[in-house]
Structures are given as structure tokens and as C-alpha cells.
Amino acid sequence: MPDDTTHALLDTALEQAEKSLREGGIPIGSVLATPEGVIVARGHNRRVQDGDTTAHAETVCIRAAGRRRDWHTLTLASTLSPCAMCTGTAILHRIPRIIIGEHTTFMGREDWMAAEGVQVEVLHDPRCIDLMTRFIRERPDLWDEDIGVPPDA
């Protein structure tokens with residue numbers, strides 16, 4: 001059962017997703033926190049804003065955390081199930097716990113996380129589902145670009 005800290009982390013990640021949407025980007029947000037729930041970094045998808053195909057929310061968040069030696073104690077929260085690149089980044093940094101707002105609109109590499117022993121918590125948050133559902137409906141071209149679907153596929 002998710003606790004108050006878990007929900008607070010997702011709330012902050014959702015604020016980041018909404019910030020990206022306001023900037024004209026893809027509404028995915030992420031935060032990184034200590035075991036006590038102290039947020040050490042925030043990030044949102046910046047692919048559109050920066051013209052950088054690797055600027056996914058989780059990667060931006062992990063970059064913002066800078067050099068650290070406590071990765072193995074941190075929790076990453078993301079509004080959407082992390083893709084292969086973001087999953088690989090989290091695994092590389094040995095982040096042991098990942099909170100996911102939703103995986104209804106996109107299922108990332110949760111199987112890989114589980115195989116690596118990462119504690120994965122999917123919250124099925126209706127706000128996250130609604131945000132991505134609306135975005136995909138309103139901007140299918142941008143969504144397909146983000147997840148690598150070729151035009152006319």
C-alpha cells in the first residue's frame with residue numbers, strides 16, 4: 001500500500017509533467033528522492049523544448065541530480081512507465097525503487113526492472129492516465145515521435 005511520501009513524490013512528478021505540457025513538450029515528469037522523501041532532483045520531458053531525443057523525464061531528472069554516491073538508496077518516481085533508455089539509466093545507477101504513476105497508455109521496461117531486483121510500484125493514478133490519454137489523443141504525431149513509431153506505421 002503506497003504511503004503519503006509515495007503519493008507526495010508522484011504529486012511532484014505530476015507537477016513536472018504539467019510543466020512540460022505548458023512548455024509545449026510531452027507531459028511526463030519525474031523526481032528522485034532520498035529514503036526520507038527529500039527530493040534531490042526534478043525533471044520533465046524536454047525532447048521538444050531542447051531538440052534532444054534523449055531528454056526524457058527520468059534522464060533529465062537523473063542528470064539534474066549530479067554526481068552522487070547514494071544512488072543505491074534513492075527512489076525514482078515517474079508519471080509514466082519508463083522506456084528502455086530510462087530503465088537502463090536507472091539500472092546503471094542502481095536505483096532500487098521506482099514509483100510509476102501509470103502504465104495504461106505505455107508499458108515501459110518494467111520486466112527488465114523486475115529482473116534486476118528493482119522494487120516497482122505502479123499506482124494506476126487516474127490523473128496520470130488522464131493526462132497521457134488526452135495528450136495522445138490531441139498530439140498523436142508528437143507521441144509517436146517520442147516512442148519511435150515511424151510515420152504511417
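All values reported here derive from a predicted model rather than from experimental measurement.

Reading the values: the criteria
- Residues numbered from 1 in each chain as written.
- Predicted model: local features only at pLDDT ≥ 70, side-chain atom pairs only at ≥ 80, totals over all residues.
- Heavy atoms only, no water.
- Helix = DSSP H or I, 4+ residues; strand = E, 2+ residues; numbered from the N terminus.
- Buried < 20%, exposed > 50% of the residue type's maximum accessible area, 1.4 Å probe, protein only.
- Core = buried A, V, L, I, M, F, W, Y, C linked by side-chain atoms within 4.5 Å.
- Contact = heavy atoms within 4.5 Å.
- Pairing = 2+ DSSP bridges.

### Here we look at unusual backbone geometry
The phi torsion at Arg94 lies on the positive side, around 60 degrees, for a residue other than glycine. If you trace the backbone, Arg94 turns up in the loop between helix H4 (84-92) and strand S4 (97-102). Look at Arg94 and you get exposed, because its relative accessible area is 64%. In the Ramachandran plot, His124 falls in the positive-phi region, its phi being about 50 degrees despite a non-glycine side chain. Relative to the elements of secondary structure, His124 occurs in the loop between strand S5 (119-122) and helix H6 (126-138). Assessed through its relative accessible area of 46%, His124 is described here as partly exposed.

### Considering the nonpolar core
Leu32, Trp71, Leu76, Ile95 and Ile98 are the most contacted members of the largest nonpolar core, which totals 14 residues. Beyond its immediate sequence surroundings of up to four residues, Ile95 is in contact with Leu32, Ile62, Trp71, Leu74, Thr75, Leu76, Ala90 and Val118.

### With respect to the pairing of strand S1 (residues 29-33)
Where burial is concerned, most of S1 is hidden: five out of the five residues are buried. Residues Gly29, Val31 and Ala33 line one face of S1 and the alternating positions Ser30 and Leu32 line the opposite face, and both faces are buried. Taken together, S1 and the strand that follows it, strand S2 (residues 39-44), pair antiparallel across an intervening segment of five residues, in which Gly37 is found at a positive phi of about 90 degrees. Pairing geometry for S1 and strand S3 (residues 75-80), over four bridges, is antiparallel. Following the sheet pairing, Ala33 is matched in S3 by Thr75.

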